[in-house]
Amino acid sequence: MVRFVATRLLQSLIALLMLSVVVFILARATGDPLSMVLPMSATEEDYANARAYLGLDRPYLEQYFSFVGRAVVGDFGTSIRARKPVSELIGERLPNSLKLATFAMTVSVLMAFPLGIMAAVKKGTAVDRMAQIVSILGQSLPTFWLAIVLVEFVAGRWQWLPAGGNTGFLSYVLPGFTLGWFVVAGMMRLLRSGMLEVLDSEYVKLARVKGVVEGRVIWLHALKNAMIPVVTFAGIYFSILVTTAIVVETVFAWPGLGRLAYEGISGRDFPVIQAVVMVTAAIVAVVNLGVDCLYAAIDPRIRYAR
Amino acid sequence: MTSSSRFVGLALLSLALALLGSVDLASAQAKTELNVGLSGLASETLDPPVAGHFVKYYLSMMYDYLVGSTADGQLSPTGGLATKWENSADHKRWTFHLRKGVTFHNGDPVTADDVKFSLERAAGKRSTTGYAGILRTLVDKIETPAPDRIVIVTKDPTLIIPAYLSRTLSSEGMIVPKKYIETVGDDAFARKPIGSGPYKFVEQVTGSHIKLAAVDNHWRTGTPKYKTMTFRVVPEETTRIALLRRGEVDIAEVSRERVKELQREGFPVQLRREESIFSMWWVLDPSGWPAPMKDKRVREAMNVAIDRGEVVQGIFGGLAEPAPIPMGLSWAFKDIGFKPGPEMNYTYDPARAKKLLADAGLANGFPLDVYAFQLTGFPEGKAAAEAVAGYWEKIGIKTKLIPVDYPAFRKNWVDRKTPGAIGYFNIANRNWIGAYALLEKMAYSPSKPNDTANDPEIDGMIAQVMKQTDQQKVNTLMRNIYTRLRSEHLGMPIAYLHSAYATSKTLGKWNPGTVMYDFYLDDLAASK
């Protein structure tokens, strides 16, 4: 297991290095960032001064190695737009995204698990049909539409919940629900199909014949074996929720990593773009590794080769 | 009752209690907090030389200017650190007398050394305000003959110094603490800034908000009635309006199309009339005017082909006015005594436009690229560009809309890669000095590549303004510049745009003023 983890970490580092080259080149291919920072009436002298001050007049190779050299110690340079260390910006925004994603995932699990399990156990009944409606709605309703509708009605007109910003526990509800809604649908469907397959297996029938309580049969014996695809799905989507919830973060004015990425891209803020991409990739790598390790915990048959 | 049902019941009860609590808290907070919801705060920086005019909304409450202004953009000895200023007979030495007893938020007194340091820093190479260039060109040295007096010595005679360092323009005139910055450095200052304004910095979460706290008994406002002032970044308009309805913001930037709806609900809506001008221009050739725009008849034809009244009503919902002067910043007109007559308004006349094109040998039209992009505060950008292109199509010009983002257009514009193509901006309105600074960039050939006019006569007049020491002559020159821009059709002015700001029903009277990028919240916050 240790060797497995070490190998995966090494592979992730190599991937991050290759990614750093790609994002460095692509970011600069988008154009001059200073036109987003300087006023429209700025002169070429202003541009030259700003370029020199921000180090953008150095050769590309020098800029790249400077970026990589500092990135390994967590220094991602200074934001062209905000004139603050990028690591500070990420430090401000990443926890907000982590908290929101955790809330959204918790909501998803709390909704998807009971629904998915009940839909499988009571296949063909009204519960199953309701679960399928939830699934269809979850996968077909555009996130931006749901977000706007919730803000307009739940927050603005009915005033039940806060509309935007990170202002306390209640401010998590609307963006968390919006983010988690799609995940509920996918998680529930995977769980339902996994449970249907498992509930039909021989060992479950044997457990029932032996008189095991139905609750234990479902929650202990069957669920564990249906969990693997759900864990994979949850892991993939957790990293997506943390890093790319741009629409939700914009609509709900949530100061998270997704919005930082959008601001960096629209402002051609190279250091921010580079840093966010690298951090995103690192999060995905870590989460995937965590999911793989979780497989071994869920299913003892899974062991990673020495 | 099962344990899970009991749990659900308790959870719902807790949620209900929390909801009630949050509503009560919001309404209680509204009395001592002022919350402003804007779609963005540009770079959100806190250090004046790297912030520029886009972020004056909050910076002008944190810092004092050397030269203050009234809400309608007139220089004022009561609104800035300088209680009076005078110039020498040769107009090369400007003496500013500083207000006594002003301190920074850390208790250090504001002295002439701080003013000198601030101005030199504003003109330094780190500055990205876009206006430092003129300061570098003009200013020879800054003397501090006394702790409450500074003298700015210019290389050439000029009148522009007080206006240039005033609240009406950008952030060059904001005064920062020399000792503190020299101790902690620029980067630390940018994170924990200290000014001498009526509000001091409390916290910033980029992408979320900037929070300021009132300073007791400030010379500008007394002890402000709002204990805190928070500028919130809320990109989505639906959310800003929801926050307004919930009482979580007191001032919200809204689009022109939501104004009537909010007024019906009883929310007062303040219009900053003519806050910007939607003005279009041609990309020039490396050597000047490209064909066929070099022909004045073509430029006139393209102007009279546009039904500005229809654009105002159809695109901007009536919250705009047709504009007659290319790059004509109307807030400057009163400063220079310029009153565009009715003959300067472009009358929509497609028949005349076709005749002008035919006279220029272009009866069959010509191809024209029109860049289309969104801009901050101008969500109608692309639709407006499309509409104007449609008018040109009607007179035979074969337009091609090129959707891009502004930086991509800007690169083509300054590199002059696509001569004859059309671009535009919603240029923020401003007073005469700001208008001059803009013309010096965009209508002045030596300012290549930003120049859009390439007119030797205008070049000569602009060069004279900077060195002119008679305000009446400056005013005459500025009027003549605008008259020539119009008579030679050196651009396509479309409309002055009114910007809308909805306020809470309890905010009270608020005059947002006519100072560029500044809501003039002093009067709203003042206790005196």
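The structure presented is a predicted model; accordingly, all values stated were derived computationally and were not measured. (Residues numbered from 1 in each chain as written. Chains lettered and ligands numbered in written order. Predicted model: local features only at pLDDT ≥ 70, side-chain atom pairs only at ≥ 80, totals over all residues.)

(A) Examining the overall build of chain B more closely. The helix and strand tally for chain B stands at 20 helices and 17 strands. The C-alpha atoms of chain B give a radius of gyration of 25 Å, which matches the 24 Å a tight globule of 528 residues would have. Dimensions of chain B along its principal axes, counting C-alpha atoms only, are 85 × 75 × 35 Å. Residues classed as buried in chain B amount to 52% of the 528 residues present. (Helix = DSSP H or I, 4+ residues; strand = E, 2+ residues; numbered from the N terminus. Rg over C-alpha atoms; globule rule 2.2 N^0.38 Å. Buried ≥ 20, exposed ≤ 12 C-beta atoms within 10 Å, placed from the backbone.)

(B) Main features of unusual backbone geometry. Note the cis peptide between Ala291 of chain B and Pro292 of chain B, where omega equals -5°. Of note, Pro292 of chain B is situated in the loop between strand 12 (269-282) and helix 11 (296-304). Phi at Arg83 of chain A takes a positive value of approximately 55°, unusual for a residue other than glycine. If you trace the backbone, Arg83 of chain A turns up in the loop between helix 4 (60-71) and helix 5 (86-121). Even without being glycine, Ala253 of chain A reaches a positive phi, approximately 50°.

(C) Just the packing of helix 9 (residues 202-209) of chain A against helix 10 (residues 214-243) of chain A, in detail. Residue and element names in this part refer to chain A. Where helix 9 contacts helix 10, the two axes come as close as 11 Å, and the packing angle between them is 150°. In this view, helix 9 runs roughly antiparallel relative to helix 10, as classed from their interaxial angle. The two elements helix 9 and helix 10 meet at a crossing, and its hand is right-handed. Here Val204, Ala207 and Arg208 of helix 9 lie close against helix 10, whose contacting residues are Val217, His221 and Ala222. (Axes fitted to C-alpha atoms, helices over the stretch in contact; angles between N-to-C directions. Parallel < 35°, antiparallel > 145°, perpendicular 65-115°, else oblique. Left-handed = near helix turned anticlockwise from the far one by under 90°. Contact = placed C-beta atoms within 7 Å.)

(D) Representation of the sheet that holds strand 5 (residues 93-98) of chain B in the model. Residues and elements named next belong to chain B. The sheet built from four strands is open, its strands ordered 4-5-7-6 with antiparallel pairing. The open sheet has two free edges, formed respectively by strand 4 (82-87) and strand 6 (139-146), since each of these has just one partner strand. Shown here is a sheet whose adjacent strand axes are inclined to one another by a mean of 20°, direction ignored. Sheet topology note: the strand 4/strand 5 ladder contains five bridges and is antiparallel. Residue pairing across strands places Lys84 opposite His97, the latter belonging to strand 5. (Pairing = 2+ DSSP bridges.)

(E) Representation of the packing of helix 6 (residues 126-140) of chain A against helix 8 (residues 173-199) of chain A. Residues and elements named next belong to chain A. Running from amino to carboxyl end, helix 6 crosses helix 8 at an angle of 135°, the nearest separation of the two axes being 7 Å. Judged on the interaxial angle alone, helix 8 and helix 6 are oblique. Crossing of helix 6 over helix 8 shows left-handed handedness. In contact with Ala131, Val134, Ser135, Gly138 and Gln139 of helix 6, helix 8 contributes Trp181, Phe182, Val184, Ala185, Gly186, Met188, Arg189 and Arg192. For the contact of helix 6 with helix 8, a count of residues per class yields seven nonpolar, four polar and two charged. (Nonpolar A, V, L, I, M, F, W, Y, C, P; charged D, E, K, R; others polar.)

(F) Quick peek at the interface of chain A and chain B. Taken together, the contact pairs 45 residues of chain A with 45 residues of chain B. Looking at the side of chain A that touches chain B, the elements with two or more residues in it are helix 2 (34-37), helix 3 (44-53), helix 5, helix 7 (143-157), helix 11 (246-251) and helix 12 (257-266) of chain A.

(G) Layout of the confidence of the model for chain A. For chain A, the average pLDDT comes to 86, and 96% of its residues sit at 70 or higher. At the low end of the mean pLDDT range in chain A sits helix 2 of chain A, at 72; at the high end sits helix 7 of chain A, at 94. (pLDDT = per-residue confidence, 0-100.)

(H) Quick look at the nonpolar core. Grouped together as the largest cluster of nonpolar side chains are 245 residues, with contacts concentrated most on Leu439 and Ala495 of chain B. Not counting residues within four places of it along the chain, the set of residues in contact with Leu439 of chain B comprises Met327, Tyr444, Ile462 and Ile481 of chain B. (Core = buried A, V, L, I, M, F, W, Y, C linked by C-beta atoms within 7 Å.)

(I) Here's a closer look at helix 7 of chain A. Spanning 15 residues, helix 7 of chain A covers 20 Å between terminal C-alpha atoms, matching the ideal 21 Å at 1.5 Å per step. At Leu150 of chain A, helix 7 of chain A shows its maximal kink, close to 25°. Taken together, the buried residues of helix 7 of chain A touch helix 8 and helix 11 of chain A together with helix 9 (237-246) of chain B. Count one or two residues on from helix 7 of chain A and you reach Gln159 of chain A, which has phi positive near 60°. (Expected span 1.5 Å × (residues − 1). Bend = angle between axes of the 7 residues up to and from the residue.)

(J) Highlighting the pairing of strand 5 of chain B. Residues and elements named next belong to chain B. Side-chain alternation along strand 5 places Trp94, Phe96 and Leu98 on a buried face and Arg93, Thr95 and His97 on a face that remains uncovered. Linking strand 4 to strand 5, which pair antiparallel, is a turn of five residues; within it His91 sits at a positive phi near 60°. Where strand 5 meets strand 7 (residues 149-154), five bridges bridge the pair, whose relative direction is antiparallel. Directly across from Arg93, in strand 7, lies its bridge partner Val153.

(K) Structural context of the environment of Gly377 of chain B. Residue and element names in this part refer to chain B. Relative to the helices and strands, Gly377 is located in the loop between strand 14 (367-372) and helix 15 (381-394). Take Gly377: there are 17 C-beta atoms within 10 Å of it, and that puts it in the partly exposed class. Through-space distance from the C-alpha of Gly377 to that of Glu253 is 9.1 Å; in sequence the pair is 124 residues apart. In this structure, Gly377 is in contact with Ser276, Asn426 and Ser499, ignoring residues within four places of it in sequence.

(L) Spatial organisation of the pairing of strand 11 (residues 251-254) of chain B. Residues and elements named next belong to chain B. Sheet topology note: the strand 1 (residues 33-38)/strand 11 ladder contains two bridges and is parallel. Note that in strand 11 the partner of Val36 across the bridge is Ile251. As judged from the four bridges shared by strand 11 and strand 17 (residues 492-503), these two strands associate in the antiparallel manner. Residue Glu253 lies in a different strand from strand 17, and its bridge partner there is Tyr501.

(M) Spatial organisation of the environment of Val134 of chain A. Residue and element names in this part refer to chain A. Here Val134 lies in helix 6. Residues Val134 and Glu45 lie 89 residues apart in sequence; the distance between their C-alpha atoms is 59 Å. Residues contacting Val134, with those up to four places away along its chain left out, are Leu115, Val184, Ala185 and Met188.

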